Amino acid sequence: MDESPAETAPVPEARNGGSERTPEELVAKCIAPVKKQFLRPPPIRGLSNDQNDAVSEGKSKASQTSVVKEKKSKRQLKRERQQAVKSAVGICPEVAKRGDVSRCPYKDKCRFSHDVEAYKAQKPDDIEGECPFMTAQEACPYGLACRFLGSHKDGVEGGDVSAHRRSSEVNGLTKDVQKLLWKNKMKFPKADAKLKALGLEGNAKSKIKILEDKEDDQVVSNNCDVTDGNGCSELPAEIGEEGGLDGTCPDDESRPSKKTRSVIEEEICSGEVDDGGVSAAKEAAEQTSTAPEPEATVGIVLPESDRSLRLHPRERKLIDFREKLYLAPLTTVGNLPFRRVCKVLGADITCGEMAMCTNLLQGQASEWALLRRHSSEDLFGVQICGAYPDTVAHTVELIDQECQVDFIDINMGCPIDIVVNKGAGSALLTKPMRMKGIVQAASGTVDCPITIKVRTAYFEGKNRIDSLIADMGNWGASAVTIHGRSRQQRYSKLADWEYVYQCARKAPKALPVLGNGDIFSYVDWNKHKAECPELSTCMIARGALIKPWIFTEIKEQRHWDISSGERLNILKDYVRLGLEHWGSDTKGVETTRRFLLEWLSYTCRYVPVGLLDVIPQRLNWRPPSYYGRDDLETLMVSDSAADWVRISEILLGKVPDGFTFAPKHKSNSYDRAENG
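Residues numbered from 1 in each chain as written. Predicted model: local features only at pLDDT ≥ 70, side-chain atom pairs only at ≥ 80, totals over all residues. Heavy atoms only, no water.

If you had to explain the environment of His 374 to someone new, which residues and values would you point to?
Following the sequence through the fold, His 374 ends up in strand S5 (residues 373-374). Judged by relative accessible area, which is 8%, His 374 ranks as buried. Side-chain polar atoms of His 374 contact the side chain of Arg 340, separated by 3.4 Å. (Helix = DSSP H or I, 4+ residues; strand = E, 2+ residues; numbered from the N terminus. Buried < 20%, exposed > 50% of the residue type's maximum accessible area, 1.4 Å probe, protein only. Polar contact = N/O pair within 3.5 Å; in protein donor to acceptor, adjacent residues only side chain to side chain.)

A description of the pattern of salt bridges should follow, citing residues and the corresponding values.
Taken as a whole and assessed by the stated rule, the structure comprises 23 salt bridges. Here Arg 505 ties to Glu 534 by a salt bridge, and the two come within 3.9 Å at their closest N and O atoms. Here Arg 505, found in helix H21 (residues 497-506), pairs with Glu 534, found in the loop between helix H22 (522-531) and strand S11 (537-540); they are 29 residues apart in sequence, far enough to count as distant. Residue classification places Arg 505 among the partly exposed residues on the basis of a relative accessible area of 45%. With a shortest N-O distance of 3.4 Å, Lys 527 and Glu 531 are connected by a salt bridge. (Salt bridge = Lys/Arg side-chain N within 4 Å of Asp/Glu carboxyl O.)

Break down the packing of aromatic side chains for me, citing the residues and quoting the values.
In total, this model carries twelve aromatic pairs according to the counting rule given. Where Trp 549 meets Tyr 606, the ring centres are 5.0 Å apart and the plane angle is 85°; that geometry is what we call edge-to-face. In this pair, Trp 549 is assigned in the loop between helix H23 (542-546) and helix H24 (550-556) and Tyr 606 in the loop between helix H26 (586-603) and helix H27 (631-636), connecting sequence segments 57 residues apart. Chaining the aromatic ring pairs together yields one cluster made of Phe 321, Tyr 326 and Phe 407. Positioned above the aromatic ring of Tyr 627, the side-chain terminus of Arg 40 is 4.8 Å from the ring centre. Its guanidinium or amino end placed over the ring of Phe 520, Lys 547 lies 4.9 Å from that ring's centre, counting from NZ or CZ. (Phe/Tyr/Trp six-rings, centres within 6.5 Å; stacked < 30°, edge-to-face > 60°. Lys NZ or Arg CZ within 6 Å of the ring centre and 35° of its normal.)

How would you explain the environment of Trp 368 if you had to name every residue and give the values?
Along the chain, the position of Trp 368 falls in helix H16 (residues 365-368). When the C-alpha atoms of Trp 368 and Gly 172 are compared, they prove to be 7.0 Å apart, with 196 residues separating the residues in sequence. Not counting residues within four places of it along the chain, the set of residues in contact with Trp 368 comprises Asn 171, Leu 173, Leu 181, Leu 360, Gly 363, Leu 398, Glu 402 and Cys 403. (Contact = heavy atoms within 4.5 Å.)

This is the structure in structure tokens:
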């Protein structure tokens, strides 16, 4: 009988600085206070597998495998895709669906392979388990290509992929609309009318732009002394006149043209006049009646010219955010299968991943996939990100026309360089007049509630949301989410909840304010709600990535000491939902595996409740090297990418030859997800 790892592993003195520390001392150093009997020596990086096995008994050899992702150019990836289509691997979907070559309507002109025998010869072995479509009592739409073909009751005969998705998922992009977007022939009458009414569309410089220029100069002068931790000057980039932080106008963002200073612009900027776009709508309707008929568009409806038929902002559908558990929009990992898992575990509100406005307006299918909604998401919103009022207004009109959403969230806090350098995300925090124009244009274009998500400021120590919060409701925002960090801070410190409280207390009663940052247990949730009753609710982001059962903990007001078997069942549910969403063929399996691995790069940070001397776990704690209570739990807490791959093999079968993986995201506050 094997000895318990806890009995054979001495506590290394080096980790504790030569002497054992108390749990309180460890917490003060942001180190997770794991019980002594579960501690083990940390693996020594750089040694061979055999050497590491000698140093760390019980450590999997697979976890020491070097995993480095090879970067390929777009041209190389395209060439590989074309070669795969022409080979036996790229079998025709119609032939694969039913195993009958005669079923393909394109016959010899089909660009895919029709060689069924060659496909069978190279097809990987079936994965153990039952086809997810058979579990749902549906006909598998992948037929011969399904990796669970052996579990099909009716052999190869398959169903229809599009029919399956239509029954459970919405917000897809139709081909007709996509073609119009590709050709830049889509019409946006509501958005254009509102932009014209606001003075954000014309041929000369508007007063809003003049005020922006003055404000930019002030921001640069006020922040020229910002330094990094080493005392060096650290100004991210010169804030240019045209809105980009690098002083250039991005190629893929349509820039509002300059305008003259007219009386209407001065009245709008001063807040004296805002007719909601009615007069502009009348003009647009009159011009349309006399002008030649434009090219056909899909589902275009002109705005009402009768003021009495338009909804007043106070009559719009409002969302009651109070006490609801809100799953934040999460890049990469916040996909539809993950949101479905969180819904089962207790989430009330879900939101799609952040989508770039320009990509949506260009008809990019990959970007539109971020807007997809499952029927189980009863309160669902999408998050978009854009730099200019016209771009955002056109996007919200398009979404309102093509999608079923309960609200649209505008991201004004994304800290990623590629977004900020285009003048979007947290770059908007340096341009309040631009923020105002975007919110006014978006909220005036559609009746769907418009919410915004911001950070405390762009520069550390230069908080400014408290001075804007009173006006955000007047701009047209239905709710505001405040992430308690600046853009410059990223995740290097804990969120500043005192400032979030300050903003919530300054906000008008009609404007719901949501807090965001570092919620990792029901204790954190209760604390923020008790200290600031003005908060409508709190958004949960990284806490849900690391332990999605946090929603259950909050609703049941308990610390769930979840077992490794229960955690594995959650992963099994995710894999099943992923195969339903991305497909049960080889491509779908590997797509599901990739997103599963991205998620595992977060779940490994969870320290089980039963292993801690102090509970609850805080989000900024760094776990030492430790054993779990069983082999599966030990595998799940590993920070090695190779061990994550091993977990994926338990659920999705062996990885293909030459498979590599490296996590896409690494938080500045927790950077231990090393390869191997």
